[in-house]
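In case you want the letters, here they are:
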Amino acid sequence: MISELTPVRVEPGSADASYWKRFHELRRLRHAELWPEDPFRPDDVIEALMKRGDPFESHEYFEIVRNGAMVSWFHGETVTAANPEYATNKHLYWADAYVRPDQRRKGVGSRWLNVLAKDMDEHGCTVVGFNAEHPEGHAFLAWLGAKPKLTEIESRLEMAGVDWPMLERWVHEGQKKSPETRLEIYDGPLPEEMWADFAAQRTALLNTMPFENLELGDIVVTPDRIREWNEQSALAGKVLHNVLTREADGTISGMTDVEWAPYSRTHVQQQFTGVLPSARGRGIGKWIKAAMLLHVRELYPGALWVATGNAHSNAPMLKINSDLGFKPYRKAVEYQITRDELGAKLQTL
């Protein structure tokens, strides 16, 4: 009966083996339903990351169990006071939930709304965001009254179909247009002596990204956050690669980075790519993207795909990706709803 379905908070650091068994069983079910073609992250990697925690983000985990099986799972997060983004992002909460297919349309998903409202109140958050890629998620968020704010396009490049001579031309053209600009490639974490300069430039570039109508505060990268990301990546077995351009005066004018992991040998994840506004129009974006792909081909001959994501409105980057051979693979939408609107919905249930 639905009255039996009680949300229970979970502390990963003290969770027992029975919790992890039912959690991973539900995680496999979700992956098989929603992302069957993607590599599956190993259980030990997920457990290690969840148990470790993050000083810059507060995470809450809950489960609903029936007859020893996890029926549904909920995860919420927001910034901590230690996060340099706290001042402009402390009102934002981000939530994710999943319900087993055979338990849907039985009121299970709505069970999380009181949990969500309580967590938002505890943190003083006034806006909550959700991500949806599939019809069930879109339908639930429409029922809830959340508004679509940002459309993201994930594109994928098949390595076998890359026009490698074109990429070599892009590298040559980039060098020719900016003869005093130096290309730098780093495999593994960046040297610590670079962190302060890199963090400042990455912060500037990240805040030029289009987020459409999504309510979002400042993005702030610091050396301490770089250290935290490096430690999390190492724990997950990820290998980081950075390509950047540096002007004659030492300014980092462009950057792009990818991740590879041993459990995802055939897939490479392209992360952020950005070029300073003052350096645009010289082909730097094409130069660094081409140089990275040529480097990835050498490092990972077994890689079949490169995946990347961009806002639907980011026409310049989508154009570069299209020219490279990336093709749209799937679309996701970020939704948001205020705490007051959530409360009004709860009054109707």
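Scroll up a little and you will see the structure.
Further remarks concern the overall build of the chain. When helices and strands are counted, the chain shows 11 helices and 12 strands. In terms of its C-alpha atoms, the chain occupies a principal-axis envelope of roughly 70 × 40 × 35 Å. Expressed as a percentage of its 349 residues, the buried residues of the chain come to 48%. Contacts spanning at least 24 positions in sequence make up 74% of the contacts within the chain whose residues lie at least 6 apart. Summed over all atoms, the accessible surface of the chain reaches about 16,900 Å², with 53% contributed by carbon and sulfur. Taking the 41 positively charged and 50 negatively charged side chains of the chain as two groups, their mean positions are separated by 4 Å.

Further remarks concern the pairing of strand β5 (residues 127-132). Counting buried positions along β5 gives five out of six residues, so the element sits mostly inside the fold. Sheet analysis places strand β4 (residues 92-99) next to β5, joined by three bridges and oriented parallel. Bridge pairing in β5 places leucine 92 opposite valine 127.

Attention shifts here to the sheet that holds strand β12 (residues 327-338). Strand pairing in a sheet takes place through backbone hydrogen bonds and is either antiparallel or parallel in direction. If you trace the 12 strands from one edge of the open sheet to the other, you get β1-β2-β3-β4-β5-β12-β6-β11-β10-β9-β8-β7, paired in mixed fashion. Since the sheet does not close on itself, it has two edges, and those belong to β1 (8-10) and β7 (182-187), each with one partner. Direction aside, the axes of adjacent strands within the sheet are offset by 25 degrees on average. Across three bridges, β1 lies against strand β2 (residues 57-66) in antiparallel orientation. Paired with valine 10 across the two strands is tyrosine 61, which belongs to β2. On the sheet, helix α10 (residues 315-324) packs against β6 (147-158), β10 (267-275) and β11 (305-311) and is oriented at approximately 160 degrees with respect to β11.

Our focus in this paragraph is the pairing of β4. Two elements, strand β3 (residues 69-79) and β4, share six bridges in a ladder whose sense is antiparallel. Note that in β4 the partner of tryptophan 73 across the bridge is tyrosine 98.

The next point concerns the pattern of salt bridges. The final tally for this structure, using the stated rule, is 27 salt bridges. Between aspartate 43 and arginine 27 there is a salt bridge whose closest N-O contact spans 2.8 Å. A residue pair is termed long-range when its members are at least 10 positions apart, and aspartate 43 in helix α2 (residues 43-52) and arginine 27 in helix α1 (residues 17-34) qualify at 16 residues. Three or more residues are tied together by salt bridges with common partners; here these are Asp38, Glu133, Glu154, Arg156 and Arg330.

In this section: the environment of isoleucine 284. Take isoleucine 284: it is sitting in helix α9 (residues 284-299). Sequence separation between isoleucine 284 and threonine 338 is 54 residues, and the spatial gap between their C-alpha atoms is 40 Å. Once residues within four sequence positions are removed from consideration, isoleucine 284 is found in contact with Ser178, Thr245, Glu247, Ser253, Gly254, Val275 and Ala279.

Even without a glycine there, the phi angle at asparagine 67 is positive, about 50 degrees. Along the polypeptide, asparagine 67 turns up in the loop between β2 and β3. Its identity is not glycine, yet glutamate 212 carries a phi of approximately 50 degrees, on the positive side. By secondary structure assignment, the location of glutamate 212 is in the loop between α7 (195-206) and α8 (223-236).

What follows concerns the packing of aromatic side chains. Summed over the entire model, instances satisfying the criterion amount to 10 aromatic pairs. Measuring from centroid to centroid gives 4.6 Å for tryptophan 260 and tyrosine 300, while their planes differ by 10 degrees, and the two rings are stacked. Of this pair, tryptophan 260 sits in strand β9 (residues 252-260) while tyrosine 300 sits in the loop between α9 and β11, and the two are 40 residues apart along the sequence. Tyrosine 300 matches tryptophan 260 in its accessibility class, with the two residues each being buried. In this structure an aromatic cluster arises from ring pairing among Tyr19, Trp20, Phe23, Tyr61 and Trp73.

What follows deals with α2. Taken as a whole, α2 has its buried residues at Val45, Ile46, Glu47 and Met50. Among the structural elements, α1, β2 and α8 are those in contact with the buried residues of α2. Once α2 ends, the next one or two residues include glycine 53, with phi positive near 80 degrees.

For the rest of this paragraph, the subject is the packing of α7 against α8. Running from amino to carboxyl end, α7 crosses α8 at an angle of 95 degrees, the nearest separation of the two axes being 9 Å. As far as their axial angle goes, α8 and α7 are roughly perpendicular. Listed contacts from α8 to Trp195, Ala196, Phe198 and Ala199 of α7 are Pro223, Ile226, Arg227 and Asn230. Class assignment for the residues of the contact of α7 with α8 results in six nonpolar, one polar and one charged.

Take the packing of helix α6 (residues 164-177) against α9 next. The contact between α6 and α9 brings their axes to 8 Å, and the two run at 135 degrees. Judged by the inter-axis angle, α6 sits oblique to α9. Pair α6 / α9 crosses with left-handed handedness. Seen from α6, the contacting residues are Trp164, Leu167, Glu168, Trp170, Val171, Gly174 and Gln175; seen from α9, they are Lys286, Trp287, Ala290, Ala291, Leu293, Leu294 and Arg297. Classifying every residue of the contact of α6 with α9 gives nine nonpolar, two polar and three charged.

About the cut-offs
Residues numbered from 1 in each chain as written. Predicted model: local features only at pLDDT ≥ 70, side-chain atom pairs only at ≥ 80, totals over all residues. Heavy atoms only, no water. Helix = DSSP H or I, 4+ residues; strand = E, 2+ residues; numbered from the N terminus. Buried < 20%, exposed > 50% of the residue type's maximum accessible area, 1.4 Å probe, protein only. Contact = heavy atoms within 4.5 Å. Areas by Shrake-Rupley, 256 points an atom, 1.4 Å probe, with all protein chains shown as cover. Lys, Arg positive; Asp, Glu negative; His and termini not counted. Charge placed at Lys NZ, Arg CZ, Asp CG, Glu CD. Pairing = 2+ DSSP bridges. Axes fitted to C-alpha atoms, helices over the stretch in contact; angles between N-to-C directions. Salt bridge = Lys/Arg side-chain N within 4 Å of Asp/Glu carboxyl O. Phe/Tyr/Trp six-rings, centres within 6.5 Å; stacked < 30°, edge-to-face > 60°. Parallel < 35°, antiparallel > 145°, perpendicular 65-115°, else oblique. Nonpolar A, V, L, I, M, F, W, Y, C, P; charged D, E, K, R; others polar. Left-handed = near helix turned anticlockwise from the far one by under 90°.

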